[in-house]
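Observations on the model geometry
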Amino acid sequence: MELRQLGYFVTVAEELHFGRAAERLHIVQSAVSQQVRRLERELGAELFDRAPRQVRLTAAGERLLPEARAVLAAAERARAAVGARPPGLRLGTCTGLGEHLERVLAHFAGRAPGVPVELVSTGAGERLARVADGRLDAAFVRAAVPVPGVRVVPLWRDPLVAVVPAGHPVAARAEADLTDLAEVPLALTARRANPALVDLVVGACHTAGFTPVRGPVGGSLQDNLATIGAGAAPLWTVVYASHARLLRGPRVAFVPFAAELALETGLAVPDGARRGAAPLDGFLAACEAAARDLGQD
């Protein structure tokens with residue numbers, strides 16, 4: 001049994017989707033599937049129920065998940081105890097940061113040249129847990145529910161934009177009205193994966209006077225964009241405006257909403273973290289500088 005295999009298992013368990021897990025791990029999906037299969041063979045148990053449209057943990061997988069997390073946390077503590085961790089900043093990231101992350105890292109490089117930043121992509125709850133127990137120095141979060149041992153420093157608001165097929169009438173407009181999309185199926189992540197985002201979008205639709213037509217649930221962002229761009233059936237979704245600027249393509253259009261939909265982005269840091277503690281102090285300053293840049297755009 002390898003730590004890598006346990007890490008892959010935990011990521012798939014959090015995403016309940018092999019494609020999204022591979023995106024988080026920055027490797028191909030086949031490698032994730034292969035390593036999880038090897039772990040299952042070694043343990044002699046199926047860890048996931050791989051239905052055609054849904055991946056679920058089996059009873060064995062449910063029992064293994066907390067143990068796997070404990071092993072990974074222990075391994076991290078062991079590395080730290082012998083000084084195996086290189087100096088730098090361990091930063092949890094969230095989807096859709098786009099140009100914001102580039103700006104923050106550029107500002108930080110100017111303030112702390114030569115200090116490495118390790119980017120860790122994981123679920124929102126896991127990010128907060130890792131900040132609380134010291135496995136992460138800080139983490140970007142959106143609309144986060146506070147947890148003991150962590151405080152969230154507000155940074156900026158992240159507006160959403162509609163993603164529609166390039167040939168849809170809304171694509172030619174300067175702004176999208178939600179009512180123009182009332183009859184078009186909405187492709188959105190499962191609520192358990194991002195409750196704040198789903199509640200914001202679905203709630204805005206209800207406020208506009210309609211219940212969104214259910215489209216594909218889950219799937220990776222790239223999959224959804226490809227499906228929308230193919231135009232075989234009309235679909236729409238949402239992405240963060242800062243991310244949309246990095247996703248431009250000829251088959252889809254990114255249209256701002258007439259009535260802004262946005263989530264607050266903040267930086268989760270240990271509750272006892274104080275100004276003057278490098279490199280976190282420099283990173284907070286970099287975040288504040290990037291937020292000021294947004295106000296000047």
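Calculation notes
Residues numbered from 1 in each chain as written. Predicted model: local features only at pLDDT ≥ 70, side-chain atom pairs only at ≥ 80, totals over all residues. Heavy atoms only, no water. Core = buried A, V, L, I, M, F, W, Y, C linked by side-chain atoms within 4.5 Å. Buried < 20%, exposed > 50% of the residue type's maximum accessible area, 1.4 Å probe, protein only. Helix = DSSP H or I, 4+ residues; strand = E, 2+ residues; numbered from the N terminus. Phe/Tyr/Trp six-rings, centres within 6.5 Å; stacked < 30°, edge-to-face > 60°.

Our focus in this paragraph is the nonpolar core. Counting residues in each nonpolar core, the largest one holds 25 residues, and the members touching the most others are Leu160, Val201, Trp236, Val238 and Phe257. Tallying contributions element by element places helix α7 (residues 195-207) first for this core, with 5 residues.

If you walk through the whole model with that rule in mind, you get 6 aromatic pairs. Ring centres 5.5 Å apart and planes at 70° place the aromatic pair Phe108 and Phe283 in the edge-to-face group. Here Phe283 lies in helix α10 (residues 280-296) and Phe108 lies in helix α5 (residues 99-111), a separation of 175 residues in the sequence. On the basis of relative accessible area, Phe283 is assigned to the buried category, the value being 0%. Ring plane angle 70° and centroid distance 6.4 Å describe the contact between Trp236 and Phe257, whose orientation is recorded as edge-to-face. Taken as a pair, Trp236 in the loop between α8 (221-230) and β9 (237-240) and Phe257 in the loop between β10 (252-256) and β11 (262-270) lie far apart in primary sequence, 21 residues in all. Accessibility expressed as a relative area gives 0% for Trp236, which makes it buried. With relative accessibility at 7%, the residue Phe257 sits in the buried group.

Unlike most non-glycine residues, Leu16 shows phi in positive territory, near 50°. As for its position among the elements, Leu16 is in the loop between α1 (3-15) and α2 (18-25).

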